[in-house]
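Descriptive structure summary
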Amino acid sequence: MMGAVATDSSSTPSNENPRRARRTRMTGAERRQQLLEIGRTLFAAKGFEGTSVEEIAAKAGVSKPVVYEHFGGKEGLYAVVVDREMRRLLDMVTSSLTAGHPRELCEQAAFALLDYIEEYTDGFRILVRDSPIPQSTGSFASLISDIATQVEDILGREFKNRGFDAKLAPLYAQALVGMVALTGQWWLDVRKPKKAEVAAHLVNLAWHGLDGLEPKPRLIGHRKN
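Basis of the calculations
- Residues numbered from 1 in each chain as written.
- Predicted model: local features only at pLDDT ≥ 70, side-chain atom pairs only at ≥ 80, totals over all residues.
- Heavy atoms only, no water.
- pLDDT = per-residue confidence, 0-100.
- Helix = DSSP H or I, 4+ residues; strand = E, 2+ residues; numbered from the N terminus.
- Contact = heavy atoms within 4.5 Å.
- 1 Å grid on protein atoms, 1.4 Å probe; cavity = no way out; pocket = protein on both sides within 12 Å on 5 of 7 lines; lining within 4 Å.
- Points joined across faces, edges and corners; volume = space filled by probe spheres on them.
- Salt bridge = Lys/Arg side-chain N within 4 Å of Asp/Glu carboxyl O.
- Buried < 20%, exposed > 50% of the residue type's maximum accessible area, 1.4 Å probe, protein only.

**Some thoughts on the confidence of the model for the protein**
Summarising the model, the protein shows a mean pLDDT of 83, and 85% of its residues fall at 70 or more. For the protein, the element scoring lowest by mean pLDDT is helix 7 (residues 140–162), at 81; helix 2 (residues 53–60) scores highest, at 97. In the predicted structure, residues 1–12 sits below a pLDDT of 50 and forms zero contacts with residues beyond four places in sequence or in another chain.

**Overview of empty space enclosed by the protein**
Under the criterion given, the structure shown has two cavities of 30 Å³ or more. Approximately 350 Å³ is the volume attributed to the largest cavity. Together, 28 residues line the largest cavity, and L105, C106, A109, V151 and L176 are the ones closest to its centre. Going through the elements one at a time, helix 5 (102–119), helix 7, helix 8 (169–190) and helix 9 (195–211) are the ones with two or more residues in the lining of the largest cavity.

**Details of the pattern of salt bridges**
Enumeration according to the criterion identifies eight salt bridges in this entry. Its salt-bridge partner being E55, residue K46 comes within 2.6 Å of it at the nearest N-O pair. K46 gets classed as partly exposed once you look at its relative accessible area, which sits at 42%. Put simply, K64 and E54 hold a salt bridge, and the shortest N to O gap is 3.0 Å. Taken together, the residues span a long stretch of sequence, with K64 in helix 3 (residues 64–71) and E54 in helix 2 at a distance of 10 residues. The partly exposed category is assigned to K64, whose relative accessible area is 32%. Shared partners join several salt bridges into a network, and the residues in it are R40, E85 and R88.

Below, the structure written as structure tokens:
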């Protein structure tokens, strides 16, 4: 009599296929956001010309057509990245202007730009590069102009209170905001002194310059035109 053959359950093929690890497929919105974040990082590090669609796609683990499907190409992706950063910076500056005293408003504007540089360094690096393509919201220069418009109203009121020509407020607003923006570009790399100290020195120059402002400035050199 033949003995019962022992069965090895470990070697018996299962009627069910082993479960395979499933990769959760991204939604269109999730994939778009992923590509934006990857593009933002690459554009900040390499610039527009130094970044390729191939590299963006490889970092995202997708094929090139996926990038084209969402943005129409590298130019479209870059435009959206720049537009988002410009809006973010403008919102941070305009929302920071809450205090009533003009000197504190200067401090708030300086801190807003320095906060953006500190928190969104990649975004600022992208903004201060020369854009190779037209942007729907213009350029970094036009963004600075938008911010200056917010400051212009504040200066206009101060000029009227001091008996100065309020029509010159736009000129001074551009000068003040430009000073902070250029200093911010320098601070982006050196990061010294600390942010609060940088803001204090910026406001020191701006405020005491405004405090001693001449209603009708004169030139002391030989050139008059």
